Amino acid sequence: MPTIAQRPRGQDGEGLSFSVFVGPAILLYGLFVMVPLVHTVYLSFFQWDGVGDQVAVGFDNYLEIFRNGDLARSFLHSAVLMVIYLIGSVGLALVITGMISRNAIGAARFYQTLLFLPQVIPSVVVGISWRWILAPEGLLNGALEIVGLGHLRRVWLGDFDTALIALGIVGAWQLYGLFMLMFIAGVQRISPTLYEAARLDGAGPVLEFFVITVPGLRREIVMAIMLAIIAAVSSFDLIYVMTRGGPGTSTTVPALEVYRHAFVYAEVGTAAALGTTIALIVLAVVWLVGRIRAGDDRSARA
Amino acid sequence: MTKNWTACRTTRMLALTVSLGALVASIPGLALAADVLTGDAAVAAAGDFTLRVYINESDNRLAALDEIDAIFTEKHPNIEIERIEKSYEELITSARLVLSEPDAPCIVQGDQGRDTDGVLVKANLLLPLGAYEEAYGWTVDATARWSDGGAVWGKGEAYGVAPWYQAVGLYYNRDMLAELGLEVPKTFDELVAAFEAAKAAGHVPLGFGNSEKYPGSFIYEIVQNQIADKDAIRAFVFGQDGATFDTPENLEAAKVLKAWVDAGYPTPGYDGVGTDDAMAQFIDGNALFHLNGTWVSGQIAGAMGDHGGFLAVPPKDGRTHVSTGGVSKPLHIAANCPQPDAAAAYLDLILSDQAASIFAANDDLPAAEADLPDDASAVIRDIQAAKDLLISVDGTVPFEDVAVSGFGDKFFAAIQELMAGRITPEEFTAKVQTAYVD
């Protein structure tokens, strides 16, 4: 894909109309995203309760993140969520795409709508519903009992060993709909002749999926991976609704700590430092994935 | 910022004193203490004024407040009351910001503890109420007192008043208790015996949901209150010199709580059950007792009527009742309120016996003496009796989770770890102490 710099220069008027169209967006973005972002970075070097005097503390707030075991562990929990989101949501969306893109259009649309539903349900509703499903006497434990797997029953969200994984699965369930739509849209772009050729060559559904669908969706997959990682690092709403970081500190995540420090503990500086760290991690990951994608594009063109 | 505010306040006080001087000269027999106006004259002097009240309370309280507001505005047609209702989370997270605005609501509710009220006092956002306390004869709880500019909690200047009483205790299912052939437990040992009886009959002994984490502090505290010295708990919360969590009594309480868990008293899988879900299960009749605060009295009384009951956790032999609670979230007057005298007159009405009876009629628990309506349900009567009992033995201790800024969540997490057997009782007290001094 050629970048803007490589694009041939247009006529002189183009620059002007370009700024007219992009200007308002840049202004709003600057005002509501860039200014608060810079302000957050600034605040991360102070100790401040939100209303009183600000005391400059240098990098103390950042050092606190590493010194404080609970805060450091919250980043580890994010990493676990990241893995579950990648396997769960991106993987599941791919598999579903592979299955329903082989169906007749009408049926595909039906499944598509059905499977997209989790994405449009507000997070709080998702959280509360799943809290009930995963409750000690909830639907999941009941279902396990019925199919004779009663020994697997547990308090999914109240167990130190399963709470984080359960949250990850719910989060992945909420995310995969979006990725599935992206993938299905991408599949439409793959030339049907490729599938036809594969079928004529005797490829089954599985081979077809790995040889044609997955490579054809490379761009969408990279994008989905980025979104899944961002969702994992910045997840807050589901966890706040379902466990508040518990039991113990087994499901605390950085964004939850940002909320607590900024609004509950009146430690705005620590919250700002945490927020900045989250932003840096997301930027680093996006940059990395972007590099992989650029490399891919180059090799694809070669 | 601080300097500006002081200047502002000085100007206002000067203006007030000047106008007061003129008023005192012109109106004979004016009720006056220190340099504030009280009573009807105070409200009249405010002229046409919209008194804004920024608050989070349950529906039955707000309904009672509607009635009380109507009494106030009928008596003082120059005042209009505009109530801004918030969820608890929203109130706590926004109080600082709202009070920093130049046209802050005159009455803003805060919450006990260093995370909320402590920050507001430190930032000079609240009006000290000493003069009104003296003039009106208010009873102000230690949890609303601060000194040294917010550094010392539990004594000193009054910064807030609350018309409601609250305590953590046990709701019980009256029918199930009778069916088990039990009396309402009068001692801690009888309570444990009742747990055993419920367990043997296949009921959940102690309905308890903890997915929100904070209820964990209640289940620890109902045990701790019967073992530790109440003054030691108060010293711990208010951060007095030498206060520590790492005491033999607190360790013993942790061991008893762990034994309760091992005996299967709390709702199975409590960490995965929401506290509202646990309450719903109790109302449905699955548990003998339910651990909660008097603040859900309206819901339980409404659903169970005379089939429910309430008791403060009974003491061990030779001790008196102690329960976590006290007055509820205090109401403050904003430091920059242009009509503090009118705001104080409104607070005085809310604190009155007249208002108390209106709260009581709405299934609520006022701090002042209230006449219960004849049709009050058994739950409400029990709660009123528990309150009278606790007050008579000086038996309320403040919530421990607000002792130090940032302490609450570590305290809750440690209790979950203790109950799950992830840490030993010894590790628990050491861990909480570390979080306390950290």
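Residues numbered from 1 in each chain as written. Chains lettered and ligands numbered in written order. Predicted model: local features only at pLDDT ≥ 70, side-chain atom pairs only at ≥ 80, totals over all residues. Heavy atoms only, no water.

## Section: the overall build of chain B
Scanning chain B from N- to C-terminus turns up 18 helices and 15 strands. Computed over its C-alpha atoms, the radius of gyration of chain B comes to 23 Å, within 12% of the 22 Å expected for a compact globule of 438 residues. In terms of its C-alpha atoms, chain B occupies a principal-axis envelope of roughly 75 × 50 × 35 Å. The buried share of chain B, taken over its 438 residues, is 60%. For chain B, the proportion of contacts with a sequence separation of at least 24, taken over those separated by at least 6, is 76%. For chain B, the accessible surface area stands at approximately 16600 Å², while carbon and sulfur atoms represent 52% of it. Averaging the positions of the 29 positive and the 64 negative side-chain charges in chain B gives two centres separated by 6 Å. (Helix = DSSP H or I, 4+ residues; strand = E, 2+ residues; numbered from the N terminus. Rg over C-alpha atoms; globule rule 2.2 N^0.38 Å. Buried < 20%, exposed > 50% of the residue type's maximum accessible area, 1.4 Å probe, protein only. Contact = heavy atoms within 4.5 Å. Areas by Shrake-Rupley, 256 points an atom, 1.4 Å probe, with all protein chains shown as cover. Lys, Arg positive; Asp, Glu negative; His and termini not counted. Charge placed at Lys NZ, Arg CZ, Asp CG, Glu CD.)

## Section: the overall build of chain A
Scanning chain A for helices and strands turns up 13 helices and two strands. Counting only C-alpha atoms, chain A reaches 75 × 75 × 30 Å along its principal axes. Each of the 302 residues in chain A was classed as buried or not, and the buried ones make up 42%. Taking the intrachain contacts of chain A between residues at least 6 apart in sequence as the baseline, contacts between residues at least 24 apart amount to 67%. Surface summary for chain A: the accessible area is close to 16600 Å², and the carbon and sulfur share equals 71%. Once the 19 positive and 20 negative side-chain charges of chain A are each reduced to a mean point, those two points are 8 Å apart.

## Details of a nonpolar patch on the surface
There is a patch of nonpolar side chains on the surface, built from Leu28(A), Tyr29(A), Leu31(A), Phe32(A), Val33(A), Met34(A), Val35(A) and Leu37(A) and spanning about 780 Å² of accessible area. The topology assignment puts Leu28(A) in helix H1 (residues 13–43). (Patch = residues over 30% accessible without salt bridge, like charges linked within 9 Å, V, L, I, M, F, W, Y side chains within 5 Å. Salt bridge = Lys/Arg side-chain N within 4 Å of Asp/Glu carboxyl O.)

## Things to note about the state of the cysteines
All names here are of chain B. Evaluation of the coordinates by the stated rule reveals one disulfide over all chains. Across a sulfur-sulfur distance of 1.9 Å, Cys106 and Cys337 are joined as a disulfide pair. Residues Cys106 and Cys337 are joined through a disulfide that is right-handed, its torsion about the S-S bond being 90°. Here Cys106, found in the loop between helix H4 (88–100) and strand S5 (107–109), pairs with Cys337, found in the loop between strand S14 (331–333) and helix H14 (340–350); they are 231 residues apart in sequence, far enough to count as distant. The burial state of Cys106 is the same as that of Cys337; both residues are buried. (Disulfide = S-S within 2.5 Å.)

## Things to note about unusual backbone geometry
Residue and element names in this part refer to chain A. Cis rather than trans, the peptide bond between Gly246 and Pro247 has omega equal to -5°. By the secondary structure assignment, Pro247 is in the loop between helix H11 (237–242) and helix H12 (254–264). Here Ala266, not a glycine, exhibits a phi torsion of approximately 55°, which is positive. Given the relative accessible area of 7%, Ala266 is considered buried.

## Overview of a negative patch on the surface
A cluster of like negative charges, contributed by Glu183(B), Asp189(B), Glu190(B) and Asp317(B), occupies part of the molecular surface. Looking at the element boundaries, Asp189(B) is found in helix H8 (residues 188–200).

## A closer look at the domain arrangement of chain B
Residues and elements named next belong to chain B. According to the domain assignment, chain B consists of domain 1 (7–163 + 328–361) and domain 2 (165–326 + 378–437). Using only C-alpha atoms to locate each centre, domain 1 and domain 2 end up separated by 33 Å. If you look at the interface, domain 1 gives 13 residues, while domain 2 gives 14 residues. Carbon and sulfur atoms supply 50% of the area that domain 1 and domain 2 bury against each other, a total of about 1100 Å² over both sides. Considering only the side of domain 1, the residues that lose the most area to domain 2 are Gln112, Arg114 and Trp153, jointly responsible for 41% of the buried surface there. (Domains from an automatic or database assignment. Buried area = accessible area lost by both parts, 1.4 Å probe.)

## Let's talk about the layout of surface pockets
Put simply, the second largest pocket is a space of about 980 Å³. Forming the walls of the second largest pocket are 40 residues, and the residues nearest its centre are Gln47(A), Tyr265(A), Ala266(A), Glu267(A) and Ser405(B). Among the elements of the structure, strand S1 (46–47), helix H2 (60–67), helix H3 (69–100), H12 and helix H13 (268–301) of chain A together with helix H5 (114–122) and helix H17 (408–419) of chain B are those that each provide at least two residues to the lining of the second largest pocket. Among the residues making up the lining of the second largest pocket, the classes are represented as 13 nonpolar, 13 polar and 14 charged. (1 Å grid on protein atoms, 1.4 Å probe; cavity = no way out; pocket = protein on both sides within 12 Å on 5 of 7 lines; lining within 4 Å. Points joined across faces, edges and corners; volume = space filled by probe spheres on them. Nonpolar A, V, L, I, M, F, W, Y, C, P; charged D, E, K, R; others polar.)

## Describing the interface of chain A and chain B
Across the boundary between the two partners, chain A contributes 32 residues, which contact 29 residues of chain B. Of the roughly 2500 Å² buried where chain A meets chain B, counting both sides, 51% is carbon and sulfur surface. Here Arg422(B) ties to Asp161(A) by a salt bridge, and the two come within 2.9 Å at their closest N and O atoms. Applying the counting rule to chain A against chain B returns 12 residue pairs in polar contact (both at pLDDT 80 or more). (Polar contact = N/O pair within 3.5 Å; in protein donor to acceptor, adjacent residues only side chain to side chain.)

## Some remarks on the packing of helix H9 (residues 215–227) of chain B against helix H11 (residues 248–262) of chain B
Residues and elements named next belong to chain B. Where H9 meets H11, the closest approach of the two axes is 9 Å, and the angle between their N-to-C directions is 130°. By the angle class used here, H9 and H11 are oblique. As H9 runs across H11, the sense of the crossing is right-handed. Together, Ile219, Tyr220, Ile222, Val223, Gln224 and Ile227 of H9 and Glu249, Asn250, Glu252, Ala253, Ala254, Val256, Leu257 and Trp260 of H11 make up the contact between the two elements. (Axes fitted to C-alpha atoms, helices over the stretch in contact; angles between N-to-C directions. Parallel < 35°, antiparallel > 145°, perpendicular 65-115°, else oblique. Left-handed = near helix turned anticlockwise from the far one by under 90°.)

## A closer look at the pattern of salt bridges
This model, assessed by the stated rule, comprises 28 salt bridges over all chains. Note that Arg131(A) and Asp277(B) form a salt bridge whose closest N and O atoms lie 3.6 Å from each other. Here the residue Arg131(A) occupies a position in helix H5 (residues 123–133), and Asp277(B) occupies one in helix H12 (residues 275–283), the pair thus bridging two chains. For Arg131(A), a relative accessible area of 11% puts it in the buried group. The salt bridge partner of Glu417(B) is Lys431(B), with a shortest N-O separation of 2.6 Å. With Glu417(B) in helix H17 and Lys431(B) in helix H18 (residues 425–437), the pair connects residues that are 14 residues apart, well separated along the chain. Note on Lys431(B): relative accessible area 39%, which makes it partly exposed. Through salt bridges that share partners, Glu257(A), Arg260(A), Lys213(B) and Asp409(B) make up one connected network.

## With respect to the sheet that holds S14(B)
Residues and elements named next belong to chain B. If you trace the four strands from one edge of the open sheet to the other, you get S4-S3-S5-S14, paired in mixed fashion. Pairing within the sheet leaves two strands with one partner each, and these edge strands are strand S4 (79–85) and S14. Within this sheet the neighbouring strands show an average axis-to-axis angle of 20°, counted without direction. Relative to S14, S5 is paired through three bridges, and the arrangement is antiparallel. Note on S14: the bridge partner recorded for Ile107 is Ile333. Those strands touched by helix H3 (residues 59–75) are strand S3 (49–55) and S4, and its axis lies near 165° from that of S4. (Pairing = 2+ DSSP bridges.)

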